[in-house]
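Residues per chain are reported as follows:
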Amino acid sequence: MHYERSVRMTEAVEKLTKKSEDSSKWYLQLVRMAKLADYGPVRGTFAIRPYGFAIWERIQRDLDDRFKATGHVNAYFPLFIPESYLKKEAEHVEGFDPEVAWVTTAGREELEERIAVRPTSETIICEFYRRWIHSYRDLPVLVNQWSNFVRWEKVTRPFLRTTEVLWQEGHTVHATAEEAREETLRMLGVYRDCFAETLSIPVLTGQKSPSERFAGAVETFTCEALMGDGRALQSATSHDLGQNFSKAFDITFLDENQDRVHPFQTSWGFSTRAVGALILVHGDDRGLKIPPKLAPVEAVIVPIWRGKNKSEVRTEAQKLYTELKAAGLRAELDLDEEHSPGWKFNEHELRGVPVRVEIGPKDIEKSQAVLVRRDTGEKEFVGRGGLPERLTVLLGEIQDNMMRQATEFRDANTRHAGSYDEFKEIIAEKRGFVVAPWDGTLETEQKIKEDTKATIRLLPFEREDGTDLISGKPGKTAIFARAY
RNA sequence: CGGGACGUGGCGCAGUCUGGUAGCGCACUCGGCUGGGGGCCGAGUGGUCGCCGGUUCAAAUCCGGCCGUCCCGACCA
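Residues numbered from 1 in each chain as written. Chains lettered and ligands numbered in written order. Predicted model: local features only at pLDDT ≥ 70, side-chain atom pairs only at ≥ 80, totals over all residues. Heavy atoms only, no water.

(A) The arrangement of the overall build of chain A in detail. When helices and strands are counted, chain A shows 14 helices and 24 strands. Over its C-alpha atoms, taken along the principal directions, chain A stretches across nearly 85 × 55 × 50 Å. The buried share among the 484 residues of chain A stands at 55%. Partitioning the contacts of chain A with sequence separation of at least 6, the portion at a separation of at least 24 is 68%. Carbon and sulfur atoms provide 49% of the accessible area of chain A, an area that totals close to 21700 Å². (Helix = DSSP H or I, 4+ residues; strand = E, 2+ residues; numbered from the N terminus. Buried < 20%, exposed > 50% of the residue type's maximum accessible area, 1.4 Å probe, protein only. Contact = heavy atoms within 4.5 Å. Areas by Shrake-Rupley, 256 points an atom, 1.4 Å probe, with all protein chains shown as cover.)

Given below as structure tokens:
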């Protein structure tokens, strides 16, 4: 397997801006320098380059396995949706109307009805579900699709907010409200586990406030992650759609009692935005840091040779590479002769490779190799015999350590506000998550947003009683933050 | 969509104020020496200066319009 070099070919060896100095500039530079993505000619469009796509592929596989394990199957639905379909659910149209891309012409003919490029697939899928569902015996329908969608965004950033997005959208149908709610929460848990176990990102889960709810949903649940700059990122959502769509699209089935009733639906999505989260949560001044389970390359071997013993070192490095591959590790051997070892060290750190394996004349003499971990920079010398085993253990340690560090960061940046002044001070000076009681009204939610730019990220499942900091009325716990 | 900044080889920039025939660093190509934290020397390739129009003997430079990018707001996965 071979990915493009991060800096060779066309990119300049610029010094990466410090994350703490200008995190936005840092992010944009890193995306391009590490060859994750490149800008397209239409605003908000991006090519995801091989290395970036390899990360997405690993996320895809991980999620897909989890979906299959919870009984779901994959299918594919049309990209094009007639305008009339989109309009059937009132809230849904209103929510998406400002950002839908329309096809009005085909070849040289003007179309009779505008066709939407899907901004999400609820409506088109309902068309099929109406045809496919007749009896309670047809339920539940547990279908997922891997697809793209288009939303015409005003402000775009690679991975975080793009015009075209790759994602996965699950669309399920159930006989009862309870079952649909159960499914909604089950998939929220699947997302949470994927973030924690694979991306090493600790997310908070909970319910959205009504104003942040998905257009057309009864209830929206979310995974919120905290980025390195203290801002929150909505990283995946799961919606309980109730009967809103089944009524609008007239999906019905005969239940056990011979009654014709509308089923209950859910939808849930996880997009390439997660790659943005990965960069922002783990990245540092030296570049990316990819958790081993996600890393396209778990370990890169950098041979260190001098003119006289080049062939000997090369042979040893190749042998080592074969051993690592045989042990099932995703290893890469960097035999490039153009660059110095130091150059390669920097480059592989930029790309976030979890472990670097150095092998040079001194190591060959001592029958050892040097392991350097990306997350801590720690170096260790390991005898050649036990190398694959030690590496496997080390990768597990790195995976866990990255999760631990991210969790510590999140916890250290989650603060309780005792007064509105304190609330404002935290958001202005420290950012992060702020825990405070909310009286449940749109007024206080909006007031906070106007004053501080912070929004309710979620309402946790366990909420304590308290007093709203603004209105003084009784309230319950909400989590606030400035969001991406 | 409002406020601000910026568009010059692949990337980062200088030149614009004061018009005069485009330059630097890195990347890229070739050769040689190097190689344990972004090596060195030499020789090269590459740009109708975002687009359209205007002023002028002459425009990267002045004027007008448009497009795009980034930052700050409003809207969102």
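From this point, things continue past the structure.
(B) Structural view of the sheet that holds strand 6 (residues 109–117). The strand order across the open sheet built from three strands is 4-6-5, with neighbouring strands paired in antiparallel fashion. The open sheet terminates on both sides in strands that have one partner only, identified here as strand 4 (80–82) and strand 5 (101–106). Averaged over all pairs of adjacent strands, the angle between their axes in this sheet comes to 45°, without regard to strand direction. (Pairing = 2+ DSSP bridges. Axes fitted to C-alpha atoms, helices over the stretch in contact; angles between N-to-C directions.)

(C) Representation of the sheet that holds strand 17 (residues 355–359) in the model. Here five strands make up an open sheet; going across it, the order is 16-15-17-18-19 and the pairing mixed. A strand with exactly one partner marks an edge of an open sheet, and here the two such strands are strand 16 (331–333) and strand 19 (379–383). In this sheet, adjacent strand axes meet at a mean angle of 25° when their direction is disregarded. Bridging between strand 15 (residues 299–303) and strand 17 involves five bridges; their strand directions are parallel. Paired with P303 across the strands is I359, a residue of strand 17. Along the sheet face, helix 10 (residues 341–350) touches strand 15, strand 16 and strand 17 and points at about 170° away from the line of strand 15.

(D) Spatial organisation of the protein's contact with RNA strand B. The environment of RNA strand B is formed by 52 residues, the closest being R161, Q234, R273, R286 and K310. A breakdown of the atoms of RNA strand B within 4 Å of the protein gives sugar and phosphate a share of 46%. Here a base oxygen of RNA strand B sits 2.8 Å away from a polar atom, N or O, in the side chain of R356. Separating a base nitrogen of RNA strand B from a side-chain N or O atom of D363 is a distance of 2.5 Å. When residues of the surface near RNA strand B are traced back to their parent elements, those giving at least two are helix 1 (23–33), helix 10, strand 17 and helix 11 (361–366). Here the residues of the surface near RNA strand B are counted per class, giving 16 nonpolar, eleven polar and 25 charged. (Near = heavy atom within 4 Å. Polar contact = N/O pair within 3.5 Å; in protein donor to acceptor, adjacent residues only side chain to side chain. Nonpolar A, V, L, I, M, F, W, Y, C, P; charged D, E, K, R; others polar.)

(E) Examining a positive patch on the surface more closely. On the surface, R306, K308, K362, K366 and K379 cluster together into a patch of positive charge. Considering the arrangement of structural elements, one finds R306 in the loop between strand 15 and helix 9 (310–326). (Patch = residues over 30% accessible without salt bridge, like charges linked within 9 Å, V, L, I, M, F, W, Y side chains within 5 Å. Salt bridge = Lys/Arg side-chain N within 4 Å of Asp/Glu carboxyl O. Lys, Arg positive; Asp, Glu negative; His and termini not counted. Charge placed at Lys NZ, Arg CZ, Asp CG, Glu CD.)

(F) Representation of helix 13 (residues 420–429) in the model. Along helix 13, the residues classified as buried are Y420, F423, I426 and I427. Down the axis of helix 13, the smallest arc covering the buried residues is 120°, so these residues share one side. For helix 13, the exposed residues set more than 90 degrees away from the buried face come down to D421, A428 and E429. Residues of helix 13 that are buried in the fold lie against strand 20 (414–416), strand 21 (433–438), helix 14 (442–452) and strand 24 (474–481). (Arc of directions from axis to C-beta.)

(G) Inspection of the nonpolar core at higher detail. Within the largest apolar cluster, 54 residues are counted, with the highest numbers of intra-cluster contacts made by L36, I59, L63, F195, L199, F270 and I279. Elements with a contribution of two residues or more to this core: helix 1, helix 2 (50–69), helix 6 (177–197), strand 10 (219–226), strand 11 (232–242), strand 14 (264–271) and helix 8 (273–282). Residues A116, F128, V143 and F249 belong to the second largest nonpolar core, which totals 25 residues. (Core = buried A, V, L, I, M, F, W, Y, C linked by side-chain atoms within 4.5 Å.)

(H) Structural detail: the packing of aromatic side chains. Tallied over the entire structure, the rule returns 18 aromatic pairs. On the basis of an interplanar angle of 90° and a centroid distance of 6.4 Å, the ring pair of F77 and Y129 is categorised as edge-to-face. Here the residue F77 occupies a position in the loop between strand 3 (73–74) and strand 4, and Y129 occupies one in helix 5 (residues 122–132), the gap between them amounting to 52 residues. Y129 shares its class with F77; the two are buried. A centroid spacing of 6.1 Å and a plane angle of 55° characterise the contact between Y129 and W132, whose relative ring orientation is tilted. With Y129 and W132 both in helix 5 and three residues apart, the pair spans about one turn of that helix. Given a relative accessible area of 46%, W132 falls into the partly exposed group. Every member of this aromatic cluster is reached through a ring pair, and the members are W56, F67, W146, Y191, F195, W268 and F270. (Phe/Tyr/Trp six-rings, centres within 6.5 Å; stacked < 30°, edge-to-face > 60°.)

(I) Looking closely at the pairing of strand 14. Summarising burial for strand 14: eight of the eight residues are buried, a large majority. Neither face of strand 14 is exposed, since F264, T266, W268 and F270 on one face and Q265, S267, G269 and S271 on the opposite face are all buried. Sheet analysis places strand 8 (residues 164–174) next to strand 14, joined by eight bridges and oriented antiparallel. The residue of strand 14 that forms the bridge with V173 is Q265. Both strand 11 and strand 14 contribute to a ladder of five bridges, which runs antiparallel. Residue pairing across strands places S238 opposite W268, the latter belonging to strand 14.

(J) Structural context of the pattern of salt bridges. Applying the stated criterion to the full structure yields 38 salt bridges. Here R130 ties to E127 by a salt bridge, and the two come within 2.7 Å at their closest N and O atoms. In this pair, R130 and E127 are both assigned in helix 5, three residues apart and thus about one turn of the helix distant. Between R384 and E316 there is a salt bridge, with the nearest N and O atoms lying 2.8 Å from each other. You can see R384 sitting in the loop between strand 19 and helix 12 (387–412) and its partner E316 sitting in helix 9, a full 68 residues away along the chain. Residues R384 and E316 agree in their burial class; the two are buried. Among the charged side chains, a network of salt bridges with common partners joins R373, D375, E378, E380, R390 and E397.

(K) The pairing of strand 6, seen in detail. Sheet topology note: the strand 4/strand 6 ladder contains three bridges and is antiparallel. In the strand pairing of strand 6, F80 is matched with V117. Relative to strand 6, strand 5 runs antiparallel, the two sharing five bridges. Paired with V103 across the bridge in strand 6 is I115. Hairpin connection between strand 5 and strand 6: a loop of two residues separates the two successive antiparallel strands, and G107 in this loop has a positive phi of roughly 60°.

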